[in-house]
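# A closer look at the structure
Listed below are the residues making up each chain.
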Amino acid sequence: AGGGTYTEVFSKTVGPNGTVYMQNPPLFDGFAGDAIKARVADGRLGNVEQMRTAFDTLPVADGSVDVVTWFLGPHELWFYPDGVEQGILGDPDKAFPEIARVLKAGGHFIALDHKAAPGSPAETGGTTHRIDKAIVVQRATAAGLQLVDESDLLANANDDYTVNVFDPSVRRKTDRFLMKFVKP
């Protein structure tokens, strides 16, 4: 969920009878700063439940979720900051099956991330914070999800895939993929 910008939007969208799960790995506490505390202070987002878990561990019941979003995150499965054990953010072989597990039949998985050059290895996620969208498609479909739609809304043909997404020359201007999968 990062700092929770989309969590706030989703909270208002599902209304008081819905639930939004705001998931961040504990390693992201410093990244999110005080943004999350400010969003949920004084019960302001009463329908939001915070989860501090790795991407491969979602503590919700099987088949209980309508939509799972993973915005600017699939690449993080291959990010290992200095001094942190490999897989601390989640096991790539377990993360997508975990998404499929929690989705209801007919539920959707929405994936958005920074594009890496086609054919780039998954480990690019740990260097430039990008991922080849084919990796996401392969892993999601292997988990039993079906790709049903894509959008080029966030495409940027001028993006240099060799540049880290936090570099000022591309920050917030990267070429991004946006895909929708369904659980049959």
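About the criteria used
Residues numbered from 1 in each chain as written. Predicted model: local features only at pLDDT ≥ 70, side-chain atom pairs only at ≥ 80, totals over all residues. Heavy atoms only, no water. Helix = DSSP H or I, 4+ residues; strand = E, 2+ residues; numbered from the N terminus. Core = buried A, V, L, I, M, F, W, Y, C linked by side-chain atoms within 4.5 Å. Buried < 20%, exposed > 50% of the residue type's maximum accessible area, 1.4 Å probe, protein only. Contact = heavy atoms within 4.5 Å. Pairing = 2+ DSSP bridges. Right-handed = clockwise from strand over helix to strand, strands pointing away. Polar contact = N/O pair within 3.5 Å; in protein donor to acceptor, adjacent residues only side chain to side chain. Axes fitted to C-alpha atoms, helices over the stretch in contact; angles between N-to-C directions. 1 Å grid on protein atoms, 1.4 Å probe; cavity = no way out; pocket = protein on both sides within 12 Å on 5 of 7 lines; lining within 4 Å. Points joined across faces, edges and corners; volume = space filled by probe spheres on them. Nonpolar A, V, L, I, M, F, W, Y, C, P; charged D, E, K, R; others polar.

The subject of this paragraph is unusual backbone geometry. Even without glycine at this site, D42 takes up a positive phi of about 55°. Relative to the assigned elements, D42 resides in the loop between α3 (35–40) and β2 (48–52). In this structure, L72 takes a positive phi of about 55° despite not being glycine. Among the secondary structure elements, L72 is positioned in the loop between β3 (65–71) and α4 (92–102).

Let us look at the nonpolar core. The nonpolar side chains of a soluble globular protein tend to be buried, and buried together. Of all hydrophobic cores here, the largest spans 28 residues; its most connected members are W70, F96, I99, F109 and L145. Sorting the residues of this core by element identifies β3, α4, β4 (103–114), α5 (133–142) and β6 (176–182) as the ones contributing at least two each. Looking at this core element by element, the count peaks at five residues for α4. The contacts of F96, once residues within four sequence positions are left out, are W70, P74, L77, F109, V136, R139, A140 and A143.

Turning our eyes to something else, we now look at the pairing of β4. Across six bridges, the pairing between β3 and β4 is parallel. Bridge pairing in β4 places V67 opposite H108. The parallel pair β3 and β4, bridged by α4, forms a crossover whose chirality is right-handed. With seven bridges connecting them, β4 and β6 associate as antiparallel partners. Counterpart to H114 in the pairing with β6 is R176.

Along the chain, the position of S151 falls in strand β5 (residues 146–151). On a C-alpha basis, the gap between S151 and L112 in space is 9.9 Å, while along the polypeptide they are 39 residues apart. A distance of 3.0 Å separates a polar side-chain atom of S151 from the backbone nitrogen of L153.

Our next topic: the sheet that holds β5. Strands in a sheet are paired, the pairing made by backbone hydrogen bonds, and the direction either parallel or antiparallel. Taking strand neighbours across the sheet as the criterion, the four strands line up as β3-β4-β6-β5 in an open arrangement whose pairing is mixed. Looking along the sheet, the strands with just one partner apiece sit at the ends: β3 and β5. In this sheet, neighbouring strand axes are inclined to one another by 15° on average, regardless of whether the strands run parallel or antiparallel. Sheet topology places β5 next to β6; five bridges connect them, and they run antiparallel. When the bridges of β6 are listed, E150 appears paired with M179.

Another aspect to go through is the layout of surface pockets. A volume near 1600 Å³ is recorded for the largest pocket. Around the largest pocket, the lining is made up of 50 residues, and of these A1, G2, Y6, W70 and F71 lie nearest the centre. Contributions of two or more residues to the lining of the largest pocket are made by α1 (5–14), β1 (20–24), α2 (29–32), β3, α4 and β4. In terms of residue count, β3 provides more of the lining of the largest pocket than any other element does, seven residues in total. For the lining of the largest pocket, the class distribution of residues is 28 nonpolar, 16 polar and six charged. As a volume, the second largest pocket reaches approximately 170 Å³. Surrounding the second largest pocket, M22, N24, D29, A32, G33, I36, K37, Q50, M51 and R52 form its lining. Breaking the lining of the second largest pocket down by element, the ones donating at least two residues are β1, α2, α3 and β2. The biggest single contributor to the lining of the second largest pocket is β2, with three residues. For the lining of the second largest pocket, the residue count by class is four nonpolar, three polar and three charged.

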